[in-house]
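Residue-level structural notes
Chain residues, written in single-letter form:
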Amino acid sequence: MATNAKRCEQLRAVVNRVRVPDYGEPVQLELFAVIGIAVIVTVAAFSRRLGLAAPIILVLVGVGFSYIPGVPAIEIPHDVFLDGLLPPILFAAAIRVPVVDFRRNFESIASLSFLLVLFTTAGAGLLLHLLLPGLNLALAFALGAVISPPDAVAATSVGRRLGLPPRLLTVLEGEGLMNDATALVLLRSATAAATGGFLTPWSAGRDFLFAVVVAVVIGLAAGYATVVVRSKFTDPVLDTALSIAVPFIAFIPTEAAHASGVLAVVVAGLYSGHASPSRFTAQARISDRINWRTIQFLLENAVFLIIGLEIRTLIEQVHSSGKTGVAETIGIGLLITIGLIALRFAWLSPLVLALKFRERHKERDTFRRWLSLEHDLRLPKRGLIANRRRQTATLRYERQRADLDQLRAERIDWKGSLVLSWSGMRGVVTLAAAQSLPDFPYRPQLVLIAFVVAVTTLIGQGATLPILIRVLRIQGVDRYDDRRELATLLDEISYGALEVIRNPDDATDSVDGVDPDVLERARQASFLRAESAWERSEKNVSSSDETPHRVYRQVRLAIVEAERERLLDARSRGAYSSRVLAEAQRMLDLEETRLTPRR
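Computed from a prediction, not measured in an experiment: that's the story for all the values here.

What the chain contains, in helices and strands, is 24 helices and zero strands. Residue burial in the chain is summarised as follows: out of 599 residues, 43% are buried. Across the chain, every contact between residues at least 6 apart in sequence was considered, and the portion connecting residues at least 24 apart equals 80%. Put simply, the chain shows about 32000 Å² of open surface, and 62% of that area lies on carbon and sulfur atoms.

Written out as structure tokens, the structure is:
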């Protein structure tokens, strides 16, 4: 109750500070929300034309707005970010990360999100302690934890637009999801030491292990429970309402247990995204994708806009503190930024070499597993248990072989190492965690240093990352290879699924006794997807060629458009009930969505 009352007081203070000078009346937060959304949408619409990621432009726009005469000083309590915005942002990103890709790159992700954060925290903390002699070492480590985790939002947005290889994007996304937990746990330990607590490496390691284990357990439990409940819903509105609550269902009890709430949210998101194809309906999955992409878009970009808006307030606080000046503080922030970049480069080069040795070890392990499997398959059958063991061994070998083939096809070389090293932009967590630092000497300076690091890396590295990718001539995925792989997959699933029609013994009630002409029509419709995919996979087929399936799609779209016009005529006549018209409209929308080629 006391915590909630404190947060309410903080929000009231924010509202009371934000006033229009000419009228003196409080400006409602709703007005700022509308203006913020309008700015975010406008910037996102024009960012591609400018060749810059939207977060970078939003930071600059925020800084410009903050210095417009008459614009009030803005300062958002850090609890709003850590407890209100961060969980849904992480969950929205986690449900989109394939668990298979995450598992294949777990060594790289763990190295960047755990070991590199520790390395960066120690290095940045020692550098801060040297640059600010009166700064407590524990508080220096606390700020080091604040500025250590990169936010991969801008990096992945640039990477997707420029066609980075999928493995690099997976590593960046995985690092951005997992490193927040490490940084916040380190921040909690360093803050406790700065406030008079006694902290040893053993106790810090024990607290970190407790935070991780409890977070994983609660995150899995929250993900499993909500997936089970959501799978029972047939109404997408109810399913969407519960899905919005999932990150907080995982975050709140984990934080109450003094564990890592952000890690619990990530685990719940990974489980929910992995279980979605088998547990949810197609309509629920479509709704989830649209809703969470919208939520992630608004919240992430709002945070970057707030970063720029708060710069003016921070500068005023540093100026009024009477300690280190604004120019000197900004200079220290720039030096820390250079140090962070150097630390990341120093870590990534050995990591790439370690990945090469790891790949060779996997090759030898896969070969040994294949020899063992071959020997086991030559032995006579020994019963049901032995057959199950063989099936399990075969599945493990096939999975390991597929992992090895994928890692070979997307090997991280020195070019990938440079891109990963230059993708260490700071963002959401740095902004929120910096404001949670205790009220100690140099606090305004430390917060401004964190903001300088975030803004400098977002603008400097974010703006030059596309240039680096072009100079290195990094090749992303081959769209024709992807199309051929898709066509092969559609062939496989179509042939496998149609066994229910060919084999009467495996026939279900839904096809048992069905007229052969109807079954043939269903078979042709099933192969239509694969045939269309094979047409698109041909390199000599351009987007303007009139292939049979493209002509078919155009004809069907013309028919659907004509049907829509007849539907509008029927609605204007009032000849049918509104519920029947709405159902017909949904059917036409679904058909048009299926026929419209993806851009």
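In this section: the nonpolar core. In this structure, Leu143, Val146 and Ile147 are the most contacted members of the largest nonpolar core, which totals 108 residues. Not counting residues within four places of it along the chain, the set of residues in contact with Ile147 comprises Ala124, Ile336, Leu340, Arg426, Thr430, Ala450 and Val453.

When you line up the elements, Gln406 lands in helix 16 (residues 384-409). For the pair Gln406 and Asp101, spaced 305 residues apart in sequence, the C-alpha separation works out to 9.4 Å.

Before going further, it helps to spend a moment on the packing of aromatic side chains. Following the criterion strictly, the structure yields six aromatic pairs and no others. Seen from their ring centres, Phe114 and Phe208 are 5.1 Å apart, and the 25 degrees between their planes marks the pair as stacked. Here Phe208 lies in helix 10 (residues 201-231) and Phe114 lies in helix 6 (residues 106-131), a separation of 94 residues in the sequence. Judged by relative accessible area, which is 30%, Phe114 ranks as partly exposed.

With phi around 60 degrees, His258 is a residue other than glycine that occupies positive phi space. Positionally, His258 belongs in the loop between helix 11 (236-256) and helix 12 (261-279). Take His258: its relative accessible area is 60%, and that puts it in the exposed class.

Between its first and last C-alpha, helix 4 (residues 78-94) extends 23 Å over 17 residues, near the 24 Å set by a 1.5 Å rise per residue. Of all the bends in helix 4, the greatest, near 45 degrees, is centred on Leu85, and the proline Pro87 appears no more than four residues after it. Within helix 4, 14 of the 17 residues are buried, which leaves the element mostly enclosed by the surrounding structure.

Another point: the pattern of salt bridges. It is possible for side chains bearing opposite charge to pair when their charged atoms get close. Applying the stated criterion across every chain, the model contains seven salt bridges. As a salt-bridge pair, Arg206 and Asp207 come within 4.0 Å of each other at their nearest N and O atoms. Exposure remark for Arg206: the relative accessible area of 47% places this residue in the partly exposed category. We note a salt bridge from Asp288 to Arg230, for which the minimum N-O separation is 2.6 Å. Here Arg230 lies in helix 10 and Asp288 lies in helix 13 (residues 282-309), a separation of 58 residues in the sequence. Exposure class is identical for Asp288 and Arg230. Each is buried. Through salt bridges that share partners, Arg230, Asp239 and Asp288 make up one connected network.

In the contact formed by helix 11 and helix 13, the axes pass within 10 Å of each other and the chain directions differ by 45 degrees. Viewed along their axes, helix 11 and helix 13 adopt a mutual orientation that is oblique. Relative to helix 13, helix 11 is oriented so that their crossing is right-handed. Across the interface between the two elements, Pro236, Asp239, Thr240, Ser243, Ile244 and Pro247 from helix 11 touch Gln283, Ala284, Ser287, Asp288, Asn291, Trp292 and Ile295 from helix 13.

Right, let's get into helix 6. Between its first and last C-alpha atoms helix 6 spans 36 Å; for 26 residues at 1.5 Å apiece the expected length is 38 Å, and the two agree. Along its length, helix 6 reaches its greatest deviation from straightness, about 35 degrees, at Leu116. Along helix 6, the residues that are buried comprise Ser108, Ile109, Ser111, Leu112, Ser113, Leu116, Val117, Thr120, Thr121, Ala124, Gly125 and Leu128.

This part takes up a nonpolar patch on the surface. A surface patch of nonpolar side chains, amounting to about 250 Å² of accessible area, comprises Leu31, Phe32 and Ile35. Here Ile35 lies in helix 2 (residues 29-50). Given the relative accessible area of 44%, Ile35 is considered partly exposed.

Interhelical geometry of helix 6 versus helix 9 (residues 166-194) gives an angle of 45 degrees and a closest axis separation of 8 Å. By the angle between their axes, helix 6 is oblique relative to helix 9. The chirality of how helix 6 crosses helix 9 is right-handed. Contacts between helix 6 and helix 9 involve Ser108, Ile109, Leu112, Ser113, Phe114, Leu116, Val117, Leu118 and Thr121 on the former and, on the latter, Arg167, Thr170, Val171, Gly174, Glu175, Met178, Asn179, Thr182, Ala183 and Leu186. Looking at the contact of helix 6 with helix 9 residue by residue, the classes come out as 10 nonpolar, seven polar and two charged.

For Gly176, the location among the structural elements is in helix 9. Residues Gly176 and Leu112 lie 64 residues apart in sequence; the distance between their C-alpha atoms is 9.2 Å.

Averaged over all residues, the pLDDT of the chain is 78; the fraction at 70 or higher stands at 79%. At the level of individual helices and strands, the chain shows its lowest average pLDDT in helix 1 (residues 2-17), which scores 48, and its highest in helix 11, which scores 91. Of the regions scoring below 50 in pLDDT, residues 13-27 engages in 20 contacts with residues more than four places distant in sequence or in other chains.

About the criteria used
- Residues numbered from 1 in each chain as written.
- Predicted model: local features only at pLDDT ≥ 70, side-chain atom pairs only at ≥ 80, totals over all residues.
- Heavy atoms only, no water.
- Helix = DSSP H or I, 4+ residues; strand = E, 2+ residues; numbered from the N terminus.
- Buried < 20%, exposed > 50% of the residue type's maximum accessible area, 1.4 Å probe, protein only.
- Contact = heavy atoms within 4.5 Å.
- Areas by Shrake-Rupley, 256 points an atom, 1.4 Å probe, with all protein chains shown as cover.
- Core = buried A, V, L, I, M, F, W, Y, C linked by side-chain atoms within 4.5 Å.
- Phe/Tyr/Trp six-rings, centres within 6.5 Å; stacked < 30°, edge-to-face > 60°.
- Expected span 1.5 Å × (residues − 1).
- Bend = angle between axes of the 7 residues up to and from the residue.
- Salt bridge = Lys/Arg side-chain N within 4 Å of Asp/Glu carboxyl O.
- Axes fitted to C-alpha atoms, helices over the stretch in contact; angles between N-to-C directions.
- Parallel < 35°, antiparallel > 145°, perpendicular 65-115°, else oblique.
- Left-handed = near helix turned anticlockwise from the far one by under 90°.
- Patch = residues over 30% accessible without salt bridge, like charges linked within 9 Å, V, L, I, M, F, W, Y side chains within 5 Å.
- Nonpolar A, V, L, I, M, F, W, Y, C, P; charged D, E, K, R; others polar.
- pLDDT = per-residue confidence, 0-100.

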